Amino acid sequence: MSSPAERLMAIQARIREAERQSGRPEGSVGLVAVSKTFTAEAIRELAEAGQRRFGESYLGEALEKIEALRDLGLEWHFIGPIQSNKTRGIATHFAWVHGVDRVRIAARLNEQRPPDLPPLQVCVQINISGEATKSGVPPEEASGLIREIVDMPRLRLRGLMAIPAPATEVHESRAPFRQLRELLLELKADWPGLDTLSMGMSDDFEEAIAEGATLIRIGSAIFGARPPARG
Ligand SMILES: *Cc1c(COP(=O)(O)O)cnc(C)c1O
């Protein structure tokens, strides 16, 4: 049995290889280790192995771990669906939010981001065809939402995020990633500062990297199989 730290090393090697194969500079893909449902001790072990970015989906358990690991100065990414009654906790304790898909949620995060912290880094979640969740704006509504978010001073819009449904054939699995890349390219005509494509998980991150992912979100391939979510 390998440990989470050993699996992290193996994933990092695969990321570097995928970067090479797609002719992308070494280090152009950032890894968010998705620690939802896993313990603070497991996160600490990975932090000691050099991992800095961690992704959480459930605010309650995330806040316990963030508090327990405060000494490490980790970078926390909120990647779950965002309910309005959770925005204050997210705005206060996270550096990034990946799943913004409504103006109202963005406005609350903007109002509630504490003034002593840097702006909250935000990705707009897009519901590309076959998306595995109900979250996300349809691609044709992305620019409308972005137009509102770029005027919010306590948010810094970085790019797009998506969660495609699992592909049934390897050759199909790149299509949604390509769609997201092309959408970002279109939006960059109006907002050249957009630089982030948050896409790719344990089972498809190499395809996502081939299509330009800049942040991949990997949980089970590092931590092991997840127990059922506690919500
Ligand atoms: C859980 C989750 C992941 C990680 O999924 P794995 O298949 O375990 O790598 C990535 N992104 C989001 C939004 C998630 O909720």
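In short, a report on the structure. (Residues numbered from 1 in each chain as written. Predicted model: local features only at pLDDT ≥ 70, side-chain atom pairs only at ≥ 80, totals over all residues. Heavy atoms only, no water.)

**Quick look at helix 5 (residues 103-112)**
Reasoning step 1: Within helix 5, burial applies to Ile105, Ala106, Leu109, Asn110 and Gln112.
Reasoning step 2: Turning to helix 5, the residues buried within the fold contact helix 4 (87-93), strand 4 (96-100), strand 5 (120-125), helix 6 (142-149) and strand 6 (155-161). (Buried < 20%, exposed > 50% of the residue type's maximum accessible area, 1.4 Å probe, protein only. Helix = DSSP H or I, 4+ residues; strand = E, 2+ residues; numbered from the N terminus. Contact = heavy atoms within 4.5 Å.)

**A look at the site of the ligand**
Reasoning step 1: Looking at the ligand, there are 13 residues lining it, with Lys36, Ser202, Gly219, Ser220 and Arg226 nearest.
Reasoning step 2: Between an oxygen atom of the ligand and a side-chain N or O atom of Ser202, the distance comes to 2.5 Å.
Reasoning step 3: Within the contact set of the ligand, a nitrogen atom lies 2.8 Å away from a side-chain nitrogen or oxygen of Arg217.
Reasoning step 4: For the shell around the ligand, a count of residues per class yields 6 nonpolar, 4 polar and 3 charged. (Near = heavy atom within 4 Å. Polar contact = N/O pair within 3.5 Å; in protein donor to acceptor, adjacent residues only side chain to side chain. Nonpolar A, V, L, I, M, F, W, Y, C, P; charged D, E, K, R; others polar.)

**Some words on the pairing of strand 5**
Reasoning step 1: Counting buried positions along strand 5 yields 6 of 6 residues, so the element is predominantly enclosed.
Reasoning step 2: Side chains of strand 5 alternate between two faces, with Leu120, Val122 and Val124 and Gln121, Cys123 and Gln125 buried alike.
Reasoning step 3: Read from strand 4 through helix 5 to strand 5, the crossover connection turns out right-handed.
Reasoning step 4: Relative to strand 6, strand 5 is paired through 6 bridges, and the arrangement is parallel. Across the sheet, the residue bridging to Gln121 is Arg156, located in strand 6. (Right-handed = clockwise from strand over helix to strand, strands pointing away. Pairing = 2+ DSSP bridges.)

**Description of helix 1 (residues 4-21)**
Reasoning step 1: For helix 1, with 18 residues, the first-to-last C-alpha span of 25 Å sits near the 26 Å given by 1.5 Å per residue.
Reasoning step 2: Of all the residues in helix 1, the buried ones are Pro4, Ala5, Arg7, Leu8, Ile11, Ile15, Ala18 and Glu19. Considered in projection along helix 1, the buried side chains sweep an arc of 150° and stay on one side of the axis. Exposed and oriented more than 90 degrees from the buried face of helix 1 are Arg20 and Gln21. (Expected span 1.5 Å × (residues − 1). Arc of directions from axis to C-beta.)

Purely geometric stuff here, so don't read any function into it on its own.
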